[in-house]
Every structure is written in C-alpha cells, then in structure tokens.
Amino acid sequence: MDSADKVDKQLLDNALTIHQNSGVAILARPDLPEDTQRVNPAGIARLLALLGRIFDYVVIDSVMSIDPTYTATIQASDINLLVMQLNVPSAKNAERFVGCLRRMGIEASKIRLVVNRFVKKGCDIEPEEVERALGLKIAWMVPNDFKNAIGAINFGEPVVLRAPRSEISQSLMALATQLDGRTAALKRSA
C-alpha cells in the first residue's frame, strides 16, 4: 500500500490466506498496528477493483468510521451492513453513523441494519424503537449463540462449518442468501 500502483494480483496472492475447508480467502489486517498508516484511499480503491474482478463477493469487516480510507470503501460498496446490538450505546452509534452515511450521499437502499446477538426476551430496546430512530427497517436479526460463536472464533473456523445445524449458522446462511442478488433474480425468473 505504499503506492497504489503496487497493488496487483501477484501481491494479493501472496497476501491472502485461504481457509482450507471453506475456500474463503482472507486478507488480514497488518501484523503491526503502525503498518495501517500505509493504507491509503487510492490503494484501497485499486485493491477493491482487483478483488471485485477475482471474487464473486468481497466482505469488508470495518469499524464505523469516516476516515478517508473507510469512506472510499463505503462508497464503493454495493451494500453496507450496519451490525448493531439492541442496546442504547449501540443504537446511538448506529444512529450517528446512519446520519453520516446519508450526509455522504449513500442511498438508503445500500444500507442494511443487522441486529447481532438478538434475544427474543430481555432486549434493552425494542427493534421497532431502533427502526423509528434510524428511519430504516431492520433487515436481519442474528440470534445470540455465544457458545457456538466463541467456539468458532477460538478454532479459527466459520461458525457455519463448525456448528452447521446451530440456529446462528442457519441464520447467517439465510442472511447470505438474502444478500445474494443473483439468488433473488433466479427465484424471480423461475
């Protein structure tokens, strides 16, 4: 990332880690925190273009930030999933960030709210309250399953492979299907 011109397939191939059981390719963050300073918007734009040509799907796990690097990523995205929990601090952060996305000109159709660690009883705030405050419908709720989620994290495996029959895995697979526009298009044409 020292120069946007250096981002090419050969460099990418050397930087990716492939998860053997799933085939998912992972481009991890730099080992040293100070190396993140070398990441720049031009390099990200070139990287995203290259990834888009190589892979069917590119998922970027980031923080809610308007740093220029993140802004380039947000603007290039087909869909921005805003993951939150049903508690006041998370809802307040989501409200601020959705407002920022709107000021950046990101269309509401490109923003999806996903509630993580959802429990049917005992939420700090109700889903309807979040929808009213953010002016967006919640697109998906991932059930709380700390045991399977932390097990997958500790073993370095996707939860959908580690515990495929679990409620969280079924929910994540259904979310992926919903986000896959090609699946929806195929269903409409059938």
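Numbers given for residues are sequential positions, taken from 1 along each chain in its written order. In keeping with the model being predicted, local features are shown solely for residues with a pLDDT of at least 70 and side-chain atom pairs are shown and tallied solely at 80 or more, while totals for entire chains, interfaces and linings include all residues. Think of the side-chain values as coming from all heavy atoms in the structure, minus any hydrogens and water.

A. Local environment of the packing of aromatic side chains. Two aromatic rings, drawn from Phe, Tyr or Trp (for Trp, its six-membered ring), form a pair once their centres lie within 6.5 Å of each other, and the interplanar angle then sorts them: stacked below 30 degrees, edge-to-face above 60, tilted otherwise. Under the counting rule described, the total for this entry stands at zero aromatic pairs. Across the ring face of Phe155, the terminal group of Arg162 is positioned such that the distance to the ring centre comes to 3.7 Å. Only lysine NZ and arginine CZ atoms are considered, and such an atom sits over a ring when it is within 6 Å of the ring centre and within 35 degrees of the ring normal.

B. Highlighting the side chain of Ser77. A run of DSSP states H or I qualifies as a helix once it reaches four residues; a run of E qualifies as a strand once it reaches two. Both are numbered from the N-terminal end. Assignment of secondary structure puts Ser77 in the loop between helix 3 (68-76) and strand 3 (80-84). Using a 1.4 Å probe on the protein chains alone, a residue whose accessible area is under 20% of its type maximum counts as buried, one over 50% counts as exposed, and one in between counts as partly exposed. What makes Ser77 buried here is its relative accessible area of 15%. Any pair of nitrogen or oxygen atoms within 3.5 Å is treated as a polar contact; in protein, a donor-acceptor pairing is required on top of that, and neighbouring residues in sequence qualify only through side-chain atoms on both sides. At 2.7 Å, the side chain of Ser77 forms a polar contact with the backbone oxygen of Thr73.

C. Representation of the pairing of strand 5 (residues 138-143). Following DSSP output, two strands are said to pair if at least two bridges run between them. Bridging between strand 4 (residues 111-118) and strand 5 involves four bridges; their strand directions are parallel. Bridging across to strand 5, Leu113 finds its partner in Ile138. Here a crossover is taken to be right-handed if, once the strands point away from the viewer, the path from the first strand over the helix to the second is traced clockwise. What joins strand 4 to strand 5 is helix 5 (residues 127-134), and the crossover it makes is right-handed.

D. Inspection of the sheet that holds strand 5 at higher detail. Reading across from one edge, 3-4-5 is the order of the three strands in this open sheet, with parallel pairing throughout. Each edge of the sheet is formed by a strand with only one pairing partner; in this case those strands are strand 3 and strand 5. Sheet twist, expressed as the average angle between the axes of neighbouring strands with direction ignored, equals 25 degrees. Across the sheet, helix 8 (residues 167-179) lies against strand 3, strand 4 and strand 5, angled at about 155 degrees from strand 5, the strand it touches most. Structural elements are reduced to axes, namely lines fitted to C-alpha atoms, with helices fitted over the stretch in contact, and the angle between N-to-C directions of any two is expressed from 0 to 180 degrees. Throughout, a contact is declared for two residues whenever any of their heavy atoms are within 4.5 Å.

E. Region of the structure containing the environment of Ile125. By the secondary structure assignment, Ile125 is in the loop between strand 4 and helix 5. For the pair formed by Ile125 and Val98, sequence separation is 27 residues and the distance between their alpha carbons is 18 Å. Those residues in contact with Ile125, other than ones at most four positions away along the chain, are Leu86, Asn87, Val88, Ala91 and Val130.

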